[in-house]
Amino acid sequence: MGGEIWVVGEVDAAGALTKLSGEAATAARALGEAGGREVTGIVVAPEPDGAAASLAAFLPTVLAVRAPEMARRAAAAVVAARIVALAAAAQERPAYFVLSATPDGRDLAGMLSVLLEIGVIVNATGLTWDAAADGVPAGPRVEMQPFGGRVLTSSGFTGERGIILLRPNMVTAEPLAVPGSVEECTTGEVVDLPLVRVIERVVTESPGPSIEEARVIVAGGRGVGGPDGFAGLRELAGLLGGAVGASRAAVDAGWIDYATQIGQTGKTVKPAVYLAFGVSGAIQHKVGMQTAETIIAVDRDPDAPIGEFADLFVVADLAAVVPALAAALRARAG
Amino acid sequence: MRIVVLVKPVPDPGEERLGDDGRLDRSVSAVINGNDEYVLEAALKLVEAHGGEVTLLSMAPAGITDPIRKALAMGATRAVLVTDPALAGACSWSTTQVLAAALRTLEYDLVLAGADTSDGGGGVVAAGVATLLGLPYLSHARRIEPFDGGVRVERLSAAGHDVLEATLPAVVVGTQLLGEPRYPSLRGIMGARSKEIAVRTLAEIGLADRPVGGAHATTALLAARRPAPRGSGRVVRDPDPVAAASAIVDFLVERRAL
């Protein structure tokens, strides 16, 4: 039996386990079963018990590490220091980590990579365990879709250790038949990372599914015409149980928040349905959404690039189509 | 204020391809990584407001200097390019070691980096660089504001933003919200021709005997293939609004999305 697989659960602003953490735990569990490795979950938080119990729904053993300093210090350095201490105290050092491909997960992975001297594979879209091949030992095989999904790749670690960052919505979280146990855990101090103080936490985000987790995205671009145009898209998103997205043009114009931006310098999404209104489909946007299962585009310009890769392209004035579609969806809902 | 901006030349987005060896083909036309341009803009504004200079730091193949010249034309003072044949195929762990070693040879108050790179880079390098150098790390910034001896950053969070503070020197990773990058002026382009691009090998940054570079990569690409094409889509031209709505509803039903 080789080293364990560790899953680090992430906690949201309310202290609850994130949805992606359950997906990461499920992927790690399948990896552990195939590779014959134990899988342990870890939650580091000021009050870790609730999130640790949620993570134990997916994993047989979860360590809850109470870190009161996280209330006033930036998370990554605190979590990294605690993980390094846990790894130093473990009977056998962990072989693999499965983390969330989120800003916090990337920060943590970058720190752990140099502190534990292990490689990182980012933005995994699938995970399997495979036998030794091509000079790479038996271990995780990580599927990725770089360049906005124009290529599908499979990668592995050259040593028997590594960190994998899993993208949202790639794995369906499946709880265990019998939940695992939570162990409260304290750690010594092995590394002392520089202090980054949290002065204030400002909450502005409106509720609703996050754009990376939504099954349906209703996105608007320059063709929406202004902030008022997004009101109609919000209504459609509400009727479809989805989230509103945007192209950079709409964000740059100040019509909608950067958190909704999809594309090269925004988010990468893979929803079941992507409805694009007034989005031209420039390459910078395309790389963030072209792996959506179904793409429907409405644009007045018959030559818009999005017409080349949309499954359904409606050449029409969206100002008239949006209310008509909302009415049709309302009529269906009865 | 002395600022080092980590700048990565990447293939023009949309033009990326893998070579026969499975590595990213870096011979196609290169541009500055999108997120790096935003932090460069932020760095230029900071030195305009507070004085100082901006040094670019890149790790790239020797021939790829056009994007670095463009960044110099935007207003950076000088550039350091770490280049070595041994670095072809380097993994993110190696890249982190290289950039940290190069930074040890420079003087700075602030290191800025872009949130992630469009060539499949994962946005993990800057956190590692900060950790190796023992510097505070502040990421996902939408605003960067220095104060006496320190830096205040507004970091995007899932729920809004956090206000963070740390002492200088520090490493800050920025996003697009820092503001639209400027275009190089004609004068900037002319001036950039005579600006220094100092080229450094692994030996010159003290890494000659360290296990960095392609031969020591921690990760390996095992297979690559093209996804099945989407197939040509259906086009509905100039329908009236009700017909357009029902075309969309029918399609959603057909795809079992309703």
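1. Here we look at the overall build of chain A
Along the backbone of chain A there are nine helices and 15 strands. Relative to the 2.2 N^0.38 estimate, which gives 20 Å for 334 residues, the radius of gyration of chain A is 22 Å and therefore close to what a compact globule would have. Principal-axis analysis of the C-alpha atoms gives chain A an extent of 65 × 50 × 40 Å. Within the span of chain A, comprising 334 residues, buried residues form 58% of the whole. Expressed as a percentage of contacts within chain A between residues at least 6 apart in sequence, the contacts between residues at least 24 apart total 64%.

2. Looking at the sheet that holds strand S12 (residues 243-246) of chain A
With parallel pairing, the six strands of this open sheet are ordered in space as S12(A)-S11(A)-S13(A)-S14(A)-S15(A)-S13(B). Whereas interior strands pair on both sides, the edge strands pair on one side only; in this sheet they are S12 of chain A together with strand S13 (234-237) of chain B. Shown here is a sheet whose adjacent strand axes are inclined to one another by a mean of 15°, direction ignored. The sheet contacts of helix H6 (residues 227-240) of chain A involve strand S11 (216-220), S12 and strand S13 (273-277) of chain A, and relative to S11(A) the element is tilted by about 170°. Strands in contact with helix H6 (residues 241-254) of chain B are S13, strand S14 (294-299) and strand S15 (312-315) of chain A together with S13 of chain B; relative to S15(A), the strand with the most contacts, it is inclined by about 175°.

3. Focus: the packing of helix H3 (residues 75-89) of chain A against helix H4 (residues 103-116) of chain A
All names here are of chain A. Here H3 crosses H4 at 40°, and the two axes come no closer than 9 Å. Relative to H4, the element H3 lies oblique. Taken as a pair, H3 and H4 cross one another with a handedness that is right-handed. In this structure, H3 uses Ala75, Ala76, Ala77, Val79, Ala80, Ile83, Val84 and Ala87 to contact H4, whose residues at the interface are Asp104, Asp107, Leu108, Met111, Leu112, Leu115 and Leu116. Residues of the contact of H3 with H4, tallied by class, amount to 13 nonpolar, no polar and two charged.

4. Considering the interface of chain B and chain A
Size of an interface, as often reported, equals the accessible area lost when the parts are brought together. At the junction of the two partners, chain B supplies 72 residues and chain A supplies 77 residues. Among the secondary structure elements, those contributing two or more residues to the side of chain B that touches chain A are helix H1 (34-50), helix H3 (92-104), helix H4 (125-133), strand S7 (137-147), strand S9 (160-167), strand S12 (219-225), S13 and H6 of chain B. Examining the composition of the side of chain B that touches chain A, we find that ten residues originate from one element, H6(B), more than from any other. Per-class residue counts for the side of chain B that touches chain A are 40 nonpolar, 22 polar and ten charged. Here strand S7 (residues 152-157) of chain A pairs with S12(B) via six bridges, running antiparallel. Among the inter-strand pairings, A:Ser154 is bridged to a residue of S12(B), identified as B:Ala223.

5. Concerning the environment of A:Ala87
Residue and element names in this part refer to chain A. As for its position among the elements, alanine 87 is in helix H3. Take alanine 87: there are 20 C-beta atoms within 10 Å of it, and that puts it in the buried class. For the pair alanine 87 and valine 190, spaced 103 residues apart in sequence, the C-alpha separation works out to 9.8 Å. Beyond its immediate chain neighbours, meaning those up to four positions away, alanine 87 contacts Arg93, Pro94 and Leu116.

6. A look at the sheet that holds strand S11 (residues 197-200) of chain B
The mixed open sheet is built from ten strands, whose spatial order is S10(A)-S9(B)-S8(B)-S7(B)-S10(B)-S6(B)-S1(B)-S4(B)-S5(B)-S11(B). A strand with exactly one partner marks an edge of an open sheet, and here the two such strands are strand S10 (197-203) of chain A together with S11 of chain B. Here the average twist between neighbouring strands, direction ignored, is 30°. When S7(B) meets strand S10 (residues 170-174) of chain B, the two strands line up parallel, connected through three bridges. Within S10(B), the position partnered with B:Leu138 by the bridge is B:Val172. Contacts from H4(B) reach strand S1 (2-6), strand S6 (110-114), S7 and S10 of chain B, with the element oriented near 175° to S10(B).

7. Remarks on the pairing of S13(A)
Residues and elements named next belong to chain A. In terms of residue burial, S13 counts as a mostly covered element, since five of its five residues are buried. Side chains Val273, Leu275 and Phe277 project from S13 onto one buried face, and the interleaved Tyr274 and Ala276 project onto a second face that is buried too. Pairing analysis gives five bridges linking S11 to S13, with the strands arranged parallel. Bridge assignment links isoleucine 217 to a residue of S13, and that residue is tyrosine 274. Inspection of the sheet shows S13 paired to S14 by five bridges, in the parallel sense. Its bridge partner being in S14, alanine 276 is matched across the sheet by alanine 297.

8. Remarks on the nonpolar core
Counting 136 residues, the largest nonpolar core has A:Val7, A:Val43, A:Val98, A:Ile164, B:Val5, B:Leu138 and B:Val172 as the members making the most contacts within it. Broken down by element, the residue count for this core peaks at ten residues, all from H3(A). Those residues in contact with B:Val172, other than ones at most four positions away along the chain, are B:Leu110, B:Leu112, B:Leu138, B:Ala141, B:Ile144, B:Val151 and B:Val153. Membership of the second largest hydrophobic core comes to 51 residues, among which are A:Ile211, A:Val216, A:Val269 and A:Ala276.

Criteria and thresholds
Residues numbered from 1 in each chain as written. Chains lettered and ligands numbered in written order. Predicted model: local features only at pLDDT ≥ 70, side-chain atom pairs only at ≥ 80, totals over all residues. Helix = DSSP H or I, 4+ residues; strand = E, 2+ residues; numbered from the N terminus. Rg over C-alpha atoms; globule rule 2.2 N^0.38 Å. Buried ≥ 20, exposed ≤ 12 C-beta atoms within 10 Å, placed from the backbone. Contact = placed C-beta atoms within 7 Å. Pairing = 2+ DSSP bridges. Axes fitted to C-alpha atoms, helices over the stretch in contact; angles between N-to-C directions. Parallel < 35°, antiparallel > 145°, perpendicular 65-115°, else oblique. Left-handed = near helix turned anticlockwise from the far one by under 90°. Nonpolar A, V, L, I, M, F, W, Y, C, P; charged D, E, K, R; others polar. Core = buried A, V, L, I, M, F, W, Y, C linked by C-beta atoms within 7 Å.

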